[in-house]
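Letter by letter, the chains look like this.
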Amino acid sequence: GQFVWRKRQLFGINVNRKLQYKIIEAYEILGRVATGLYRVKNVESGAVSILPIDQLIRTRLSLDEIRSVLSKLRT
C-alpha cells in the first residue's frame, strides 16, 4: 500500500539534464515478487507491472498529493 515514484533513467541529449523531470510516474506497491522486484500498480492508468527497486523512490505523500504533483508536471 506504499506509494513510490519511478525515476527517469534516460535523458534527452539536446536539453540540460537539470531542466528535465526526474520523476515520471507514480505507483502503489502491491507486493514483493523477488529480491529487488516489486509488483506495482500505476496511480493514473491502473496498469500492473513489475519493476526493480533501483528505479523506485519511496514517498510519504498521500494519493491526492501525488495526483496533484503529477497534474502540475503535466501542465
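Here goes a summary of the coordinates provided.

What counts as what
Residues numbered from 1 in each chain as written. Predicted model: local features only at pLDDT ≥ 70, side-chain atom pairs only at ≥ 80, totals over all residues. Heavy atoms only, no water. Salt bridge = Lys/Arg side-chain N within 4 Å of Asp/Glu carboxyl O. Helix = DSSP H or I, 4+ residues; strand = E, 2+ residues; numbered from the N terminus. Core = buried A, V, L, I, M, F, W, Y, C linked by side-chain atoms within 4.5 Å. Buried < 20%, exposed > 50% of the residue type's maximum accessible area, 1.4 Å probe, protein only. Contact = heavy atoms within 4.5 Å. Pairing = 2+ DSSP bridges. Axes fitted to C-alpha atoms, helices over the stretch in contact; angles between N-to-C directions.

Comments concerning the pattern of salt bridges
Then comes step 1: Per the stated rule, a full pass over the model turns up one salt bridge.
Then comes step 2: With a shortest N-O distance of 3.6 Å, E25 and R6 are connected by a salt bridge. Note that E25 is positioned in strand β2 (residues 23-34) and R6 in strand β1 (residues 3-7), a separation of 19 residues in sequence.

Overview of the nonpolar core
Then comes step 1: Core analysis: the biggest nonpolar cluster contains seven residues, these being V4, Y27, I29, Y38, V40, L51 and L56.
Then comes step 2: At the level of elements, β2 and β3 (37-42) are the ones that each hand at least two residues to this core.
Then comes step 3: If we ignore the near neighbours within four places in the chain, the residues touching L56 are V4, W5, R6, V40 and L51.
Then comes step 4: Residues F3, W5, A26 and I66 belong to the second largest nonpolar core, which totals six residues.

Description of the sheet that holds strand β4 (residues 48-52)
Then comes step 1: What the five strands build is an open sheet, ordered β4-β3-β2-β1-β5; its pairing is antiparallel. Of all strands in the sheet, those bounded by a partner on one side alone are β4 and β5 (56-58). Across this sheet, the average inter-strand angle for adjacent strands is 50°, counted without regard to direction.
Then comes step 2: With five bridges connecting them, β3 and β4 associate as antiparallel partners. Note that in β4 the partner of K41 across the bridge is V48.

Details of the pairing of β3
Then comes step 1: The side-chain alternation of β3 yields one buried face, formed by Y38, V40 and N42, and one unburied face, formed by L37, R39 and K41.
Then comes step 2: Where β2 meets β3, six bridges bridge the pair, whose relative direction is antiparallel. Of the residues in β3, the one forming a bridge with G31 is R39.
Then comes step 3: Between the antiparallel neighbours β2 and β3 lie two residues, among them G36 with a positive phi of about 80°.
Then comes step 4: Counting the residues that bridge the hairpin from β3 to β4 gives five residues, and of these G46 lies at a positive phi of roughly 85°.

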